[in-house]
Amino acid sequence: MTNQFKSGFIAIVGRPNVGKSTFMNRVIGQKIAIMSDKAQTTRNKIQGVLTTNEYQMIFIDTPGIHKPKHKLGDFMVQTAEDTLNEVDSIIFMINADEGYGRGDQYIIDLLQKVNQPVYLVINKVDKIQPEKLMQMIDQYKDLYTFAEIIPISALEGNNVNHLLEVLANQMSEGPQYYPEDHITDHPERFIISELIREKVLHHTKEEIPHSIAVVLESIERNENDKLHVQATIITERSSQKGILIGKQGSMLKKIGHQSRRDIEALLGSKVYLELWVKVKKDWRNRQNQLHEYGFRL
Ligand code: GDP
Ligand code: MG
Ligand code: K
């Protein structure tokens, strides 16, 4: 391939209920959806990472963008404004089914202060007539110089690929910031691996040193509406691997059973936990692997 890899950070702004989460779920896949409910507390965080052969898009949620009602609000707005200045492009999402409102004007005022390209994404077009959509496009055109105006239906998927193409086309050459399978930075990922690690240490007592790591490979919702969690326990020696698996897998079963119960309690969902054990010599000394294992240095 002659093309250079591209990457970019994209902020998504918009009033509540315009469909930001639905859009993210469509783009990133189901893996992120389960996490989104509990993620309201952090102000500016990575919401999802989309990696293809050609590019990596890192979507940032900016919940601070609303009219401030109190002092903390001011601070959050400032943070949101800073975020908008740091990303490479911005999606301003509106609801085709709703008229222009004060909340929108507030966001547009904020957008006047940034130089990044802003894409107006009119979501929920499945709910309106084409004439109404045309009127809406004309109205918003006069309010701000958008890089492009793109109607979509996040729910049904209409035009979502086109939006991704447009975003990819304007992205510059850049590194792959996150591993390919890195979907989201939601803290639950870390908590889940800590829950498993805790069970390992509890059941193995002194036999297994604290040097083990637990890598969360994936979380997906399966057909039975269970969460399928795949995790790997990393040890340094094969003797440790033997202890962790136990006689006919009895140790791993015990660890898995208790971990699963805790993860179910954490996520409020039935969980199918798949646990693996791998030996990786000297992993602690290999800086580049630490990120992969979920440690932030
Ligand atoms: P957020 O608050 O911006 O994250 O909005 P959500 O993604 O939670 O969506 C709010 C509601 O709008 C949910 O009931 C979604 O199912 C619905 N919704 C989102 N996108 C669409 C769409 O394209 N079409 C329709 N008809 N409904 C949508
Ligand atoms: Mg949402
Ligand atoms: K949201």
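Look above for the structure.
First, a word on what this report is: a plain description of the structure on this page.

Cut-offs used in this document
- Residues numbered from 1 in each chain as written.
- Chains lettered and ligands numbered in written order.
- Predicted model: local features only at pLDDT ≥ 70, side-chain atom pairs only at ≥ 80, totals over all residues.
- Heavy atoms only, no water.
- Near = heavy atom within 4 Å.
- Polar contact = N/O pair within 3.5 Å; in protein donor to acceptor, adjacent residues only side chain to side chain.
- Areas by Shrake-Rupley, 256 points an atom, 1.4 Å probe, with all protein chains shown as cover.
- Helix = DSSP H or I, 4+ residues; strand = E, 2+ residues; numbered from the N terminus.
- Nonpolar A, V, L, I, M, F, W, Y, C, P; charged D, E, K, R; others polar.
- Core = buried A, V, L, I, M, F, W, Y, C linked by side-chain atoms within 4.5 Å.
- Buried < 20%, exposed > 50% of the residue type's maximum accessible area, 1.4 Å probe, protein only.
- Contact = heavy atoms within 4.5 Å.
- Pairing = 2+ DSSP bridges.
- Right-handed = clockwise from strand over helix to strand, strands pointing away.

**Topic: the site of ligand 1**
Turning to step 1, where the next piece is worked out: Ligand 1 sits among 14 residues. The nearest are Asn-17, Lys-20, Thr-22, Lys-124 and Asp-126.
Turning to step 2, where the next piece is worked out: At 3.0 Å from an oxygen atom of ligand 1 is found a main-chain nitrogen or oxygen belonging to Ala-154.
Turning to step 3, where the next piece is worked out: Take Leu-155: an N or O atom from its main chain is 3.1 Å from an oxygen atom of ligand 1.
Turning to step 4, where the next piece is worked out: In the complex, 72% of the free accessible area of ligand 1, which totals 580 Å², lies under the protein chains.
Turning to step 5, where the next piece is worked out: For the shell around ligand 1, the element with the most residues is helix H1 (residues 20–28), which contributes three residues.
Turning to step 6, where the next piece is worked out: Broken down by class, the residue content of the shell around ligand 1 amounts to four nonpolar, six polar and four charged.

**Section: the nonpolar core**
Turning to step 1, where the next piece is worked out: Ile-90, Phe-92, Leu-111, Leu-120, Ile-122 and Phe-146 are the most contacted members of the largest nonpolar core, which totals 29 residues.
Turning to step 2, where the next piece is worked out: Taken together, the elements giving at least two residues each to this core come down to strand S1 (6–13), strand S3 (55–61), strand S4 (89–95), helix H4 (102–111), strand S5 (118–123) and helix H5 (130–141).
Turning to step 3, where the next piece is worked out: If you tally residues by element for this core, the top one is H5, at four residues.
Turning to step 4, where the next piece is worked out: Residue contacts for Leu-111: discarding those within four places in its chain leaves Leu-84, Ile-90, Phe-92, Val-118 and Tyr-144.

**Some words on the pairing of S4**
Turning to step 1, where the next piece is worked out: Here S4 lies mainly inside the structure; seven of its seven residues are buried.
Turning to step 2, where the next piece is worked out: Every second residue of S4 is oriented toward a common face, with Ser-89, Ile-91, Met-93 and Asn-95 on one face and Ile-90, Phe-92 and Ile-94 on the other, all of them buried.
Turning to step 3, where the next piece is worked out: Across four bridges, S1 lies against S4 in parallel orientation. Considered in S4, the bridge of Ile-10 is made with Ser-89.
Turning to step 4, where the next piece is worked out: Bridge count between S4 and S5: six bridges; the pairing is parallel. Along S5, the bridge assignment pairs Phe-92 with Leu-120.
Turning to step 5, where the next piece is worked out: Chirality of the crossover, the property in question, places the unit of S4, H4 and S5 among those that are right-handed.

Read these as spatial facts, not as claims about activity.
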